[in-house]
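# Results of the structural survey
Each chain is listed here by its residues.
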Amino acid sequence: MESSLTTPLVSVVIPTIKIDSFLREAVESILSQNYINFELIVVLDGLLVPQNSPEWMGDPRVRVVPLANNVGTPRALNIGISQCRGIYIARLDADDIAYPGRLQAQVTAFSNASGLVCLGTGTDVIDDAGRLIRKMIGSGESGRAGLLTRNTLVHSSVMYRRDVFLSLGGYNQLCKRAQDYELFLRFAAVGEIASLPGVFTAYRTHPAQHSKNTSPWKIYTREILRRRLDLARAMGRAPIGQVLRNVQWFTYQVLRHHGIFRPRYLLRDK
(Lines give C-alpha, C1' and ligand atoms only; values in the text may rest on other atoms or scores of the structure.)
Protein backbone atom coordinates (compact mmCIF):
# COMPACT_ATOMS: atom_id res chain seq x y z
CA MET A 1 0.00 0.00 0.00
CA GLU A 2 1.20 3.53 -0.76
CA SER A 3 0.64 6.61 1.34
CA SER A 4 -1.18 9.65 -0.03
CA LEU A 5 1.53 12.19 -0.82
CA THR A 6 -0.93 14.89 -1.94
CA THR A 7 -3.19 15.14 1.08
CA PRO A 8 -1.55 13.58 4.15
CA LEU A 9 -3.80 13.63 7.19
CA VAL A 10 -0.82 13.59 9.58
CA SER A 11 2.47 15.46 9.40
CA VAL A 12 5.20 14.08 11.67
CA VAL A 13 7.91 16.61 12.57
CA ILE A 14 11.39 15.68 13.81
CA PRO A 15 13.94 18.46 14.44
CA THR A 16 17.58 17.44 14.78
CA ILE A 17 21.03 18.92 15.28
CA LYS A 18 22.88 15.82 14.09
CA ILE A 19 22.50 12.92 11.68
CA ASP A 20 23.27 9.81 13.68
CA SER A 21 22.02 6.35 14.57
CA PHE A 22 19.41 7.73 17.00
CA LEU A 23 17.91 9.84 14.20
CA ARG A 24 17.89 6.88 11.85
CA GLU A 25 16.03 4.81 14.42
CA ALA A 26 13.51 7.61 15.01
CA VAL A 27 12.87 8.05 11.27
CA GLU A 28 12.55 4.32 10.66
CA SER A 29 10.03 4.04 13.50
CA ILE A 30 7.78 6.49 11.64
CA LEU A 31 8.29 4.90 8.23
CA SER A 32 7.30 1.56 9.80
CA GLN A 33 3.94 2.78 11.11
CA ASN A 34 0.86 0.69 10.30
CA TYR A 35 -0.92 3.95 9.43
CA ILE A 36 -0.12 5.18 5.91
CA ASN A 37 -1.61 8.64 5.35
CA PHE A 38 1.29 10.70 6.68
CA GLU A 39 4.31 12.76 5.67
CA LEU A 40 7.53 13.09 7.63
CA ILE A 41 9.26 16.47 7.95
CA VAL A 42 12.85 16.31 9.22
CA VAL A 43 14.27 19.72 10.13
CA LEU A 44 18.08 19.84 10.04
CA ASP A 45 18.75 22.62 12.55
CA GLY A 46 22.12 24.05 11.56
CA LEU A 47 22.89 21.23 9.10
CA LEU A 48 23.09 20.99 5.35
CA VAL A 49 21.98 17.85 3.54
CA PRO A 50 25.10 15.65 3.36
CA GLN A 51 26.46 14.57 -0.01
CA ASN A 52 26.24 10.95 1.04
CA SER A 53 22.75 11.27 2.41
CA PRO A 54 21.25 8.37 4.39
CA GLU A 55 18.88 6.04 2.58
CA TRP A 56 15.77 7.29 4.37
CA MET A 57 16.18 10.74 2.81
CA GLY A 58 15.23 9.18 -0.51
CA ASP A 59 11.89 7.90 0.78
CA PRO A 60 9.02 9.79 -0.96
CA ARG A 61 7.22 10.19 2.38
CA VAL A 62 10.13 12.20 3.79
CA ARG A 63 10.78 15.90 3.26
CA VAL A 64 14.02 17.37 4.61
CA VAL A 65 14.14 21.05 5.64
CA PRO A 66 17.80 22.12 6.03
CA LEU A 67 18.58 25.25 8.07
CA ALA A 68 22.08 26.57 7.49
CA ASN A 69 22.19 28.17 10.95
CA ASN A 70 21.18 26.62 14.25
CA VAL A 71 17.99 28.42 15.32
CA GLY A 72 16.99 26.36 18.37
CA THR A 73 14.16 23.90 18.91
CA PRO A 74 11.13 26.26 19.08
CA ARG A 75 11.96 28.11 15.90
CA ALA A 76 13.06 24.94 14.09
CA LEU A 77 9.70 23.38 14.96
CA ASN A 78 7.79 26.44 13.80
CA ILE A 79 9.67 26.41 10.50
CA GLY A 80 9.08 22.68 10.06
CA ILE A 81 5.37 22.95 10.85
CA SER A 82 5.03 25.83 8.37
CA GLN A 83 5.93 23.23 5.71
CA CYS A 84 3.34 20.70 6.92
CA ARG A 85 0.17 19.80 5.02
CA GLY A 86 -1.52 17.52 7.52
CA ILE A 87 -4.56 18.34 9.64
CA TYR A 88 -2.72 16.81 12.59
CA ILE A 89 0.87 17.38 13.69
CA ALA A 90 2.66 14.49 15.41
CA ARG A 91 5.89 15.19 17.26
CA LEU A 92 8.90 12.96 17.69
CA ASP A 93 12.34 13.91 18.95
CA ALA A 94 15.40 12.76 17.03
CA ASP A 95 16.48 10.33 19.75
CA ASP A 96 13.06 8.78 20.50
CA ILE A 97 10.96 6.01 18.94
CA ALA A 98 7.33 5.70 17.85
CA TYR A 99 5.87 2.21 18.12
CA PRO A 100 4.05 0.88 15.00
CA GLY A 101 0.47 1.57 16.13
CA ARG A 102 0.99 5.08 17.43
CA LEU A 103 -0.31 7.22 14.55
CA GLN A 104 -3.33 5.00 13.96
CA ALA A 105 -4.33 5.06 17.63
CA GLN A 106 -4.08 8.84 17.84
CA VAL A 107 -5.93 9.51 14.58
CA THR A 108 -8.73 7.22 15.77
CA ALA A 109 -8.94 9.07 19.09
CA PHE A 110 -9.16 12.45 17.36
CA SER A 111 -11.90 11.24 15.05
CA ASN A 112 -13.99 10.32 18.12
CA ALA A 113 -13.46 13.55 20.09
CA SER A 114 -14.27 16.85 18.38
CA GLY A 115 -13.13 18.98 21.33
CA LEU A 116 -9.73 17.33 21.62
CA VAL A 117 -6.82 19.59 20.64
CA CYS A 118 -3.75 17.73 21.94
CA LEU A 119 -3.25 14.03 22.68
CA GLY A 120 -0.28 12.23 24.22
CA THR A 121 0.33 8.56 24.89
CA GLY A 122 1.88 6.31 27.48
CA THR A 123 5.64 6.08 27.09
CA ASP A 124 8.50 3.69 27.74
CA VAL A 125 11.53 5.49 29.18
CA ILE A 126 14.71 3.90 27.81
CA ASP A 127 18.42 4.55 28.22
CA ASP A 128 20.95 5.26 25.46
CA ALA A 129 21.31 1.52 24.80
CA GLY A 130 17.55 1.05 24.47
CA ARG A 131 17.10 -0.67 27.84
CA LEU A 132 13.82 -0.04 29.64
CA ILE A 133 14.02 2.24 32.69
CA ARG A 134 10.32 2.59 33.44
CA LYS A 135 6.85 2.88 31.91
CA MET A 136 4.87 6.12 32.09
CA ILE A 137 1.24 5.22 31.45
CA GLY A 138 -1.24 7.79 30.15
CA SER A 139 -4.40 8.21 32.20
CA GLY A 140 -6.81 8.30 29.26
CA GLU A 141 -8.52 11.26 30.94
CA SER A 142 -8.52 15.01 30.38
CA GLY A 143 -5.18 16.51 31.28
CA ARG A 144 -6.27 20.15 31.73
CA ALA A 145 -6.35 20.03 35.52
CA GLY A 146 -3.15 18.00 35.68
CA LEU A 147 -1.27 20.66 33.74
CA LEU A 148 -1.94 23.14 36.54
CA THR A 149 0.40 21.03 38.67
CA ARG A 150 3.00 19.65 36.25
CA ASN A 151 3.64 18.71 32.64
CA THR A 152 1.61 15.54 32.18
CA LEU A 153 2.55 14.86 28.54
CA VAL A 154 5.72 13.60 26.86
CA HIS A 155 6.51 15.91 23.95
CA SER A 156 7.63 13.07 21.69
CA SER A 157 4.27 11.35 22.15
CA VAL A 158 1.88 14.16 21.27
CA MET A 159 -0.35 14.78 18.29
CA TYR A 160 -2.25 18.06 17.98
CA ARG A 161 -4.50 19.95 15.60
CA ARG A 162 -2.48 22.14 13.22
CA ASP A 163 -5.16 24.83 12.91
CA VAL A 164 -5.32 25.28 16.69
CA PHE A 165 -1.51 25.32 16.90
CA LEU A 166 -1.32 28.07 14.26
CA SER A 167 -4.11 30.09 15.90
CA LEU A 168 -2.08 30.09 19.14
CA GLY A 169 1.01 31.43 17.36
CA GLY A 170 3.07 28.23 17.42
CA TYR A 171 5.90 27.47 19.79
CA ASN A 172 7.00 30.34 22.01
CA GLN A 173 10.49 31.22 20.82
CA LEU A 174 11.35 32.68 24.22
CA CYS A 175 11.19 29.13 25.55
CA LYS A 176 14.53 27.66 24.55
CA ARG A 177 13.69 24.87 27.00
CA ALA A 178 10.31 23.57 28.18
CA GLN A 179 8.61 24.86 25.05
CA ASP A 180 6.37 21.81 25.12
CA TYR A 181 4.85 22.51 28.55
CA GLU A 182 4.26 26.16 27.68
CA LEU A 183 2.45 25.12 24.49
CA PHE A 184 0.36 22.47 26.25
CA LEU A 185 -0.83 25.08 28.75
CA ARG A 186 -2.04 27.28 25.88
CA PHE A 187 -3.72 24.31 24.20
CA ALA A 188 -5.50 23.47 27.44
CA ALA A 189 -6.91 27.00 27.70
CA VAL A 190 -8.85 26.50 24.44
CA GLY A 191 -9.66 22.78 24.30
CA GLU A 192 -9.31 19.32 25.78
CA ILE A 193 -6.01 17.59 26.52
CA ALA A 194 -5.75 13.83 27.01
CA SER A 195 -3.30 10.94 27.03
CA LEU A 196 -3.95 7.47 25.63
CA PRO A 197 -3.49 4.76 28.28
CA GLY A 198 -1.49 2.53 25.94
CA VAL A 199 2.29 2.80 25.51
CA PHE A 200 3.03 3.98 21.96
CA THR A 201 6.35 5.81 22.28
CA ALA A 202 9.83 5.29 23.71
CA TYR A 203 11.50 8.32 25.28
CA ARG A 204 15.29 8.04 25.39
CA THR A 205 17.32 9.55 28.21
CA HIS A 206 21.07 9.98 27.74
CA PRO A 207 23.92 12.30 28.86
CA ALA A 208 23.63 14.71 25.89
CA GLN A 209 19.93 15.35 26.41
CA HIS A 210 18.91 19.03 26.37
CA SER A 211 16.32 18.67 29.12
CA LYS A 212 19.04 17.71 31.60
CA ASN A 213 20.37 21.27 31.32
CA THR A 214 17.09 23.04 32.05
CA SER A 215 17.60 25.86 34.54
CA PRO A 216 14.76 27.27 36.68
CA TRP A 217 16.22 30.79 36.45
CA LYS A 218 15.46 31.48 32.77
CA ILE A 219 12.69 33.34 30.96
CA TYR A 220 10.93 30.12 29.97
CA THR A 221 10.20 29.45 33.65
CA ARG A 222 8.44 32.81 33.93
CA GLU A 223 6.48 32.08 30.76
CA ILE A 224 5.29 28.74 32.16
CA LEU A 225 4.28 30.25 35.49
CA ARG A 226 2.28 32.90 33.63
CA ARG A 227 0.56 30.34 31.41
CA ARG A 228 -0.33 28.20 34.41
CA LEU A 229 -2.15 31.21 35.89
CA ASP A 230 -3.85 31.87 32.55
CA LEU A 231 -5.10 28.27 32.41
CA ALA A 232 -6.38 28.42 35.99
CA ARG A 233 -8.36 31.54 35.12
CA ALA A 234 -9.73 29.90 31.96
CA MET A 235 -10.90 26.97 34.08
CA GLY A 236 -12.47 29.22 36.71
CA ARG A 237 -9.98 28.21 39.41
CA ALA A 238 -9.18 30.50 42.34
CA PRO A 239 -5.98 32.50 41.61
CA ILE A 240 -4.58 32.02 45.12
CA GLY A 241 -4.71 28.25 44.74
CA GLN A 242 -2.73 28.43 41.51
CA VAL A 243 -0.19 30.82 43.04
CA LEU A 244 0.47 28.22 45.72
CA ARG A 245 0.78 25.46 43.09
CA ASN A 246 3.20 27.67 41.17
CA VAL A 247 5.37 28.19 44.25
CA GLN A 248 5.44 24.43 44.82
CA TRP A 249 6.30 23.71 41.17
CA PHE A 250 9.06 26.33 41.08
CA THR A 251 10.55 25.00 44.32
CA TYR A 252 10.64 21.51 42.84
CA GLN A 253 12.40 22.83 39.71
CA VAL A 254 15.10 24.46 41.86
CA LEU A 255 15.62 21.32 43.94
CA ARG A 256 15.73 19.18 40.82
CA HIS A 257 18.23 21.54 39.19
CA HIS A 258 20.53 21.14 42.20
CA GLY A 259 20.20 17.36 42.14
CA ILE A 260 18.19 17.05 45.35
CA PHE A 261 15.29 15.39 43.50
CA ARG A 262 15.58 13.17 40.45
CA PRO A 263 13.11 13.66 37.60
CA ARG A 264 10.17 11.25 37.84
CA TYR A 265 10.96 9.72 34.45
CA LEU A 266 14.42 8.63 35.67
CA LEU A 267 13.09 6.58 38.59
CA ARG A 268 13.34 2.92 37.65
CA ASP A 269 10.30 0.68 37.99
CA LYS A 270 10.65 -1.85 40.78
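Since this is a predicted model, take the numbers as computed values, not measurements. Per chain, the residues get numbers from 1 upward, laid out in the order the sequence is written. Per-residue local features of the predicted model are confined to residues with pLDDT of at least 70, and side-chain atom pairs are confined, for both listing and counting, to 80 or more; whole-chain, interface and lining totals are unaffected and use all residues. Excluded from the side-chain calculation are hydrogens and water; included are all heavy atoms of the structure.

A pairing counts as a salt bridge when a side-chain nitrogen of Lys or Arg comes within 4 Å of a carboxyl oxygen of Asp or Glu. Taken as a whole and assessed by the stated rule, the structure comprises 14 salt bridges. R186 is the salt-bridge partner of E182, the closest N and O atoms lying 2.8 Å from each other. Taken together, the residues E182 and R186, both in helix α6 (residues 179-190) and four residues apart, mark about one turn of the helix. Just as E182 is buried, R186 falls in that class too. Between R227 and E182 there is a salt bridge; the shortest N-O distance is 2.9 Å. By definition, any uninterrupted DSSP run of H or I lasting at least four residues is a helix, any uninterrupted run of E lasting at least two residues is a strand, and each is numbered from the N terminus. Categorising residues by exposure relies on relative accessible area from a 1.4 Å probe, with only protein chains included: less than 20% of the type maximum marks a residue as buried, more than 50% marks it as exposed, and the intermediate range marks it as partly exposed.

What follows concerns the packing of aromatic side chains. Two aromatic rings from Phe, Tyr or Trp, using only the six-membered ring of Trp, form a pair when their centres are within 6.5 Å; if the ring planes differ by under 30 degrees the pair is stacked, by over 60 it is edge-to-face, and anything between is tilted. In the structure shown here, the tally under the stated rule is six aromatic pairs. With centroids separated by 5.1 Å and ring planes inclined at 45°, the aromatic side chains of Y160 and F187 adopt a geometry described as tilted. Here Y160, found in strand β8 (residues 159-161), pairs with F187, found in helix α6; they are 27 residues apart in sequence, far enough to count as distant. One exposure class covers both Y160 and F187, and it is buried.

Helix axes are fitted only over the stretch in contact, all axes being lines through C-alpha atoms; the angle between N-to-C directions runs from 0 to 180 degrees. Where helix α7 (residues 219-234) meets helix α8 (residues 239-257), the closest approach of the two axes is 9 Å, and the angle between their N-to-C directions is 150°. Classified by the angle between their axes, α7 and α8 sit roughly antiparallel to one another. The element α7 and its partner α8 pack so that their crossing is right-handed. Of α8, the residues touching α7 (which contributes T221, I224, L225, R228, L229 and A232) are P239, Q242, V243, R245, N246, W249 and F250. Amino acid classes used here: Ala, Val, Leu, Ile, Met, Phe, Trp, Tyr, Cys and Pro are nonpolar; Asp, Glu, Lys and Arg are charged; the rest, including Gly, are polar. In the contact of α7 with α8, the residues fall into eight nonpolar, three polar and two charged. These descriptions rest on fixed angle ranges, namely under 35 degrees for roughly parallel, over 145 for roughly antiparallel, 65 to 115 for roughly perpendicular, and the rest for oblique. Two helices cross in a left-handed way if the nearer one is turned anticlockwise from the farther one by less than a right angle. They cross in a right-handed way if the turn is clockwise. In this analysis, two residues are considered to be in contact whenever any of their non-hydrogen atoms come within 4.5 Å of each other.

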